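# Residue-level structural notes
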Amino acid sequence: MKNKLFLLVMLALINVSFSQTWIIVKSGTEFTVAIRQDSTLWSWGNGLSGQLGTSLNNIQESPLQESTNSKWLKCDAGSFHTLAIKNDNTLWSWGLNSNGQLGLNSNNDSNVPSQIGTGNNWESISAGQAQSFAVKMDGTLWSCGYNEYGALAINTISDTNKLIQVGIDSDWSQVSAGGFHTLALKDDGSLWASGFNGNGQLGDGTLIDQVNFVQVGVINFMEICAGFQSSYAIDSLGIIYSWGFNGNGQLGLGDLIDRNIPTAIQTESGFSIISSGSSFALAIKDDSSLWSWGYNGLGQLGLGNLSQKDSPQLVGNDWLYIDGSEGYFNGTSIFGYSSIGINSNYNICSTGDNSSFQFGFNNISTSDVFNCGLGVNIPKNNQEVSVSPNPFYE
């Protein structure tokens, strides 16, 4: 009887633990959004523009569930806004909307999730600095928001506050919104780019801005990431290609020279995940090892120091996902540069700046190593998560 009771208790604990595991985490500028295994969406950090979706315009020190208590499939964090897809494949947005990036046919901010249109066939999303992109299940691509340099790829440089279809093609598979430029992949692996190109971040061999998508080279890619002024892609062999601005070594090519065509990082291969912050990059290999390089002034590379790196550096092993945030400079100080990911224990781990509690706990302001201290107790609906040390990392 005791053995049966012990087994039942253990099964219950396993089920509870699994329901609380984090499966998606995204880092905005000084805020974080994440989805748990039970499909609930949580956020924390700087929510002064409503980007947390909790109906509060505040700085949230610990995870708080979004206001509608809905079930979610995907989320992405822009600089100060959030995009998400619900379990019913409807598209939602909240946060800052000064350039129409919420796609709500207005420029009013929203601090609660607001549905974009009435469609229920959305497949994927990408939130940039002040622009938004989404791909439908039929392979069409849509965009809205800031468009001064043509990043929306809609043949104009005018902003739009409602989603507009990008061209007429219906074979888009991925999209990644950067600072002022955009990357997109088609089903055949071909790479396309639009927007600002002052540092060669479009990869077309020029420094000319583009208001429509132009094809980038002839290499077929599997994964893409548009950073603030740099671009990244992974080919079928797991080799990372990078191009654009390289003033902090964020291209990982061993120098500080800009590139205007995709250039392979020859020192490492076997990568499957790539993410970029404002001036740094992070990547995970097939063996679950985490690597980082570029600007490191706030410890966002997680290497135990503040030294800039111009080639990939091993951070550690057993990683499932990683995301880099876009920081900002207020004229005096640098804020918001942080990295956040999920390890093999499904814990959220963070490094870099924590000035707005974007780590999800308040016992540290900055860190140059990953802190995996976001332990979760079972919360009631729409209540804050209590945070405790992670026993795997004590």
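In this report, we go over the structure that sits alongside the text.

What counts, and where the lines are drawn
Residues numbered from 1 in each chain as written. Predicted model: local features only at pLDDT ≥ 70, side-chain atom pairs only at ≥ 80, totals over all residues. Heavy atoms only, no water. Helix = DSSP H or I, 4+ residues; strand = E, 2+ residues; numbered from the N terminus. Contact = heavy atoms within 4.5 Å. Areas by Shrake-Rupley, 256 points an atom, 1.4 Å probe, with all protein chains shown as cover. Buried < 20%, exposed > 50% of the residue type's maximum accessible area, 1.4 Å probe, protein only. Salt bridge = Lys/Arg side-chain N within 4 Å of Asp/Glu carboxyl O. Pairing = 2+ DSSP bridges. Axes fitted to C-alpha atoms, helices over the stretch in contact; angles between N-to-C directions. Core = buried A, V, L, I, M, F, W, Y, C linked by side-chain atoms within 4.5 Å. Polar contact = N/O pair within 3.5 Å; in protein donor to acceptor, adjacent residues only side chain to side chain.

### Notes on the overall build of the protein
- Each helix and strand in the protein was counted, giving one helix and 32 strands.
- Expressed as a percentage of contacts within the protein between residues at least 6 apart in sequence, the contacts between residues at least 24 apart total 48%.
- Carbon and sulfur atoms provide 52% of the accessible area of the protein, an area that totals close to 15400 Å².

### A word on unusual backbone geometry
- In this structure, Ala153 takes a positive phi of about 60° despite not being glycine.
- Residue placement: Ala153 occurs in the loop between β11 (141–145) and β12 (160–165).
- Relative accessible area serves as the criterion here: at 4%, Ala153 is assigned to the buried category.
- Even without a glycine there, the phi angle at Phe357 is positive, about 65°.
- Relative to the helices and strands, Phe357 resides in the loop between β29 (348–353) and β30 (366–371).

### Re the pattern of salt bridges
- Summed over all chains, the structure comprises seven salt bridges.
- When the shortest N-O distance is used, the salt bridge between Lys74 and Glu123 registers 4.0 Å. Remark: Glu123 occurs in strand β9 (residues 122–127) and Lys74 occurs in strand β5 (residues 72–77); sequence separation between them is 49 residues.
- The structure contains a network of salt bridges with shared partners spanning Asp169, Asp171 and Lys186.

### So, the sheet that holds β9
- Taking strand neighbours across the sheet as the criterion, the four strands line up as β9-β10-β11-β12 in an open arrangement whose pairing is antiparallel. Edge positions in the sheet fall to β9 and β12, since each of these pairs with one other strand and no more. Strand-to-strand twist across the sheet, computed as the mean angle between neighbouring axes with direction ignored, equals 15°.
- Direction of pairing for strand β10 (residues 131–136) relative to β11: antiparallel, over a ladder of five bridges. The residue bridging Phe133 from the neighbouring strand is Ser143, located in β11.

### Considerations on the environment of Ser49
- Within the fold, Ser49 resides in the loop between β3 (41–46) and β4 (59–65).
- With 60 residues separating them in the primary sequence, Ser49 and Asp109 have C-alpha atoms 7.1 Å apart.
- In contact with Ser49, other than residues within four places in its own chain, are Asn57, Phe80, Gly95, Leu96, Asp109 and Ser110.

### Considering the sheet that holds strand β21 (residues 271–276)
- What the four strands build is an open sheet, ordered β21-β22-β23-β24; its pairing is antiparallel. Among the strands making up the open sheet, the edge pair consists of β21 and β24 (309–316). Adjacent strand axes in the sheet meet at a mean angle of 20°, parallel and antiparallel pairs treated alike.
- Bridge analysis of strand β22 (residues 280–285) against strand β23 (residues 290–294) gives five bridges, and the strand direction is antiparallel. Looking at β23, one finds that Ala281 is bridged to Trp293.

### Remarks on the pairing of strand β19 (residues 240–244)
- Most of β19 is tucked away: five of the five residues are buried.
- Judged by which residues are buried, β19 turns out to be covered on both faces: Ile240, Ser242 and Gly244 on one side and Tyr241 and Trp243 on the other are all buried.
- Counting the residues that bridge the hairpin from strand β18 (residues 230–235) to β19 gives four residues, and of these Gly238 lies at a positive phi of roughly 80°.
- Two elements, β19 and strand β20 (residues 259–264), share three bridges in a ladder whose sense is antiparallel. Of the residues in β20, the one forming a bridge with Gly244 is Arg259.

### A short note on the nonpolar core
- By size, the foremost hydrophobic cluster in this structure holds 14 residues, and its most contacted members are Leu183, Leu191, Phe221, Ile224, Tyr241 and Trp243.
- Looking at this core, the elements with two or more residues in it are β14 (181–186), β15 (191–195), β17 (221–226) and β19.
- When residues in this core are grouped by element, the largest group, three residues, is from β17.
- Dropping the residues within four chain positions of it, Ile224 is found in contact with Gln174, Val175, Ser176, Leu183, Ala184, Leu185, Leu191, Tyr232, Ala233 and Ile274.

### A word on the side chain of Gln300
- Structurally, Gln300 is set in the loop between β23 and β24.
- From its side chain, Gln300 meets the backbone nitrogen of Leu298 in a polar contact 3.0 Å long.
- In contact with Gln300, not counting residues within four places along its chain, are Phe280, Leu282, Tyr295, Tyr337, Ser338, Ser339, Thr351 and Gly352.

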